[in-house]
Amino acid sequence: MRQDAKPYNSAFKDLTEQDPEALLQLIGALPPGATVRLLPREVSVQALLPDQPFEITHADGQHLAHVEAQTRYEPDIPSRIADYNVYLWVRYRLPVYSYVLVLTPRGLPDEPPVSLAIEAGWLRLIVSYQIVRLWELDAEAALNSGRENLLPFVPLMRGGLAELEKGAQALRQVESETRRRELALHFVMLGGLRYNREQIFDVLERMTMIPLEQLKESSVYQFFAEEERKKGIAQGLEQGLEEGLEQGRLEGMIAAAADLLRRLAARRFPGFEFGPELEQIRNPETLEQLCLELDELPDAEALRQRLTELVKE
């Protein structure tokens with residue numbers, strides 16, 4: 001109801017709260033056998049944070065350009081773009097055009113969806129958007145644009161090491177030393193999605209004359225260093241676990257074969273006691289083979305001699 005009809009609004013609120021089923025039945029909105037739960041009148045949504053919306057004013061009016069950056073394509077992109085579009089429309093009441101800027105090809109299907117149709121009762125929405133593949137955009141165009149803020153994107157654009165070096169060299173022309181260092185760190189952060197970061201640091205040091213020590217003092221470099229450290233620890237733990245499981249399996253096989261040999265030897269040569277030689281044999285197949293040879297050994301002394309030979313092998 002309209003905000004200026006406050007007395008009516010109050011009456012409506014009171015009547016619907018007392019008997020919501022009655023009103024819904026009156027207007028034909030309650031299916032037979034259905035139950036009703038009164039919801040709060042205030043409608044709020046969880047905070048949505050699109051990467052970056054822009055208001056664009058032109059000769060024909062205004063619209064919003066919404067850019068959503070993704071390091072890789074993710075299957076939930078269509079539904080997220082729909083959420084953002086609805087939120088932006090409700091807030092600004094302007095046409096919305098969404099662009100999904102995918103930085104790397106990882107996870108991107110051959111034919112990714114570029115729209116989503118939503119049908120929820122009488123609510124029908126069709127949300128469309130455009131996918132921009134950064135690696136298909138020409139690095140030379142960004143280099144020739146004269147826009148220094150495009151330089152960090154160059155490592156991910158169409159081109160190779162030559163364009164990477166040109167991008168680093170162009171950073172050298174940035175007049176502000178502070179801004180040059182900031183752009184260099186963005187260059188490393190984005191470029192690391194494609195190239196080895198140490199390689200990029202080396203290129204920057206050669207082309208921009210920014211001392212590597214200065215870059216290493218940055219929080220960005222420290223972040224990368226910490227990530228690499230965690231990655232190394234995780235790999236070490238995984239390798240250690242695999243080696244531990246393998247070692248445990250081997251020890252179990254050795255123990256089982258040695259126990260079988262003891263039992264068979266006790267039956268074949270009653271009273272025979274194994275010496276330290278048995279503990280020195282670390283190959284379960286060797287112990288199993290000795291179990292098979294027991295019947296061919298004439299006496300306990302032959303068994304002890306055989307154990308000594310196996311230890312020396």
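These figures come from a predicted structure and were not determined experimentally.

Colleague: Any chance you could break down the overall build of the protein for me, citing the residues and the numbers?
Modeller: Across its full length, the protein carries 12 helices and five strands. Looking at the protein residue by residue over its 313 residues, the buried ones come to 29%. The long-range share in the protein, meaning contacts at least 24 apart out of those at least 6 apart in sequence, stands at 58%. For the protein, the exposed surface amounts to about 21,200 Å²; the carbon and sulfur share of it is 53%.

Colleague: Quick one: what's the story with the side chain of E163, residue by residue and with numbers?
Modeller: The residue E163 is located in helix 5 (residues 161–171) in this model. In this structure, E163 is buried with no salt-bridge partner, the nearest side chain bearing the opposite charge being K166 at 4.8 Å. Contacts of E163, omitting those with residues within four sequence positions, involve A139, E140, L143 and V154.

Colleague: Would you mind going over the side chain of H66 in detail, with residue names and values included?
Modeller: Here H66 is to be found in strand 2 (residues 61–70). In this structure the side chain of H66 is engaged in a polar contact, spanning 2.8 Å, whose partner is the side chain of E68.

Colleague: Explain helix 12 (residues 300–312) residue by residue, including any values.
Modeller: For helix 12, spanning 13 residues, the distance from its first C-alpha to its last is 19 Å, which sits close to the expected 18 Å at 1.5 Å a residue. Restricting attention to buried positions, one finds in helix 12 the residues A302, L303, L307 and L310. Viewed along the axis of helix 12, the buried residues span an arc of 140 degrees, placing them on a single side of the element. Among the exposed residues of helix 12, those oriented more than 90 degrees off its buried face are E301 and K312. Of the residues flanking the start of helix 12, the one acting as N-cap is D299, its side-chain oxygen 3.3 Å from the backbone nitrogen of E301.

Colleague: Residue-level account of the pattern of salt bridges, with values.
Modeller: Inspection of every chain in the model, using the stated rule, returns 12 salt bridges. The shortest N-O distance in the salt bridge between E309 and R306 comes to 3.2 Å. Of the two residues, E309 and R306 are both situated in helix 12; the distance of three residues between them amounts to about one turn of the helix. With relative accessibility at 35%, the residue E309 sits in the partly exposed group. Through salt bridges with shared partners, one network takes in E68, E74, D76 and R80.

Colleague: Got a sec to walk through the sheet that holds strand 3 (residues 96–102)? Specific residues and values, please.
Modeller: Read from one edge of the open sheet, five strands run 1-2-3-5-4, paired in mixed fashion. At either end of the open sheet lies a strand with only one pairing partner, and these are strand 1 (52–58) and strand 4 (115–120). With strand direction ignored, the average angle separating the axes of adjacent strands in the sheet is 25 degrees. In this structure, strand 3 lies alongside strand 5 (residues 123–133), joined through five bridges in parallel fashion. Looking across to strand 5, one finds that V102 is bridged to R133. Here helix 3 (residues 77–92) sits on the sheet and contacts strand 1, strand 2, strand 3, strand 4 and strand 5; the angle it forms with strand 2, its principal contact strand, is near 150 degrees.

Colleague: How would you sum up the nonpolar core? Please name residues and give values.
Modeller: Membership of the largest hydrophobic core comes to 26 residues, with the highest contact counts inside it found for L103, L134, A168, L171, F187, I200 and L204. The set of elements that each furnish at least two residues to this core consists of helix 4 (139–144), helix 5, helix 6 (177–191) and helix 7 (197–208). Not counting the four nearest positions on each side in its chain, I200 is found in contact with F187, V188, G191, G192 and Y195. Judged by nonpolar contacts, the second largest core, of 18 residues, contains A258, F269, L287 and L290.

Colleague: Tell me about the packing of aromatic side chains, residues and numbers included.
Modeller: Taken as a whole, this structure holds one aromatic pair when the rule is applied. Centroid distance F272 to F274: 5.0 Å. Interplanar angle 85 degrees. Geometry classified as edge-to-face.

Colleague: Give a description of helix 5 that names residues and reports values.
Modeller: Three or more residues of helix 5 are buried, namely E163, L164, G167, A168 and L171. Projection of helix 5 onto a plane perpendicular to its axis shows the buried side chains occupying an angular sector of 140 degrees, all on one side.

What counts and how
Residues numbered from 1 in each chain as written. Predicted model: local features only at pLDDT ≥ 70, side-chain atom pairs only at ≥ 80, totals over all residues. Heavy atoms only, no water. Helix = DSSP H or I, 4+ residues; strand = E, 2+ residues; numbered from the N terminus. Buried < 20%, exposed > 50% of the residue type's maximum accessible area, 1.4 Å probe, protein only. Contact = heavy atoms within 4.5 Å. Areas by Shrake-Rupley, 256 points an atom, 1.4 Å probe, with all protein chains shown as cover. Lys, Arg positive; Asp, Glu negative; His and termini not counted. Salt bridge = Lys/Arg side-chain N within 4 Å of Asp/Glu carboxyl O. Polar contact = N/O pair within 3.5 Å; in protein donor to acceptor, adjacent residues only side chain to side chain. Expected span 1.5 Å × (residues − 1). Arc of directions from axis to C-beta. Pairing = 2+ DSSP bridges. Axes fitted to C-alpha atoms, helices over the stretch in contact; angles between N-to-C directions. Core = buried A, V, L, I, M, F, W, Y, C linked by side-chain atoms within 4.5 Å. Phe/Tyr/Trp six-rings, centres within 6.5 Å; stacked < 30°, edge-to-face > 60°.

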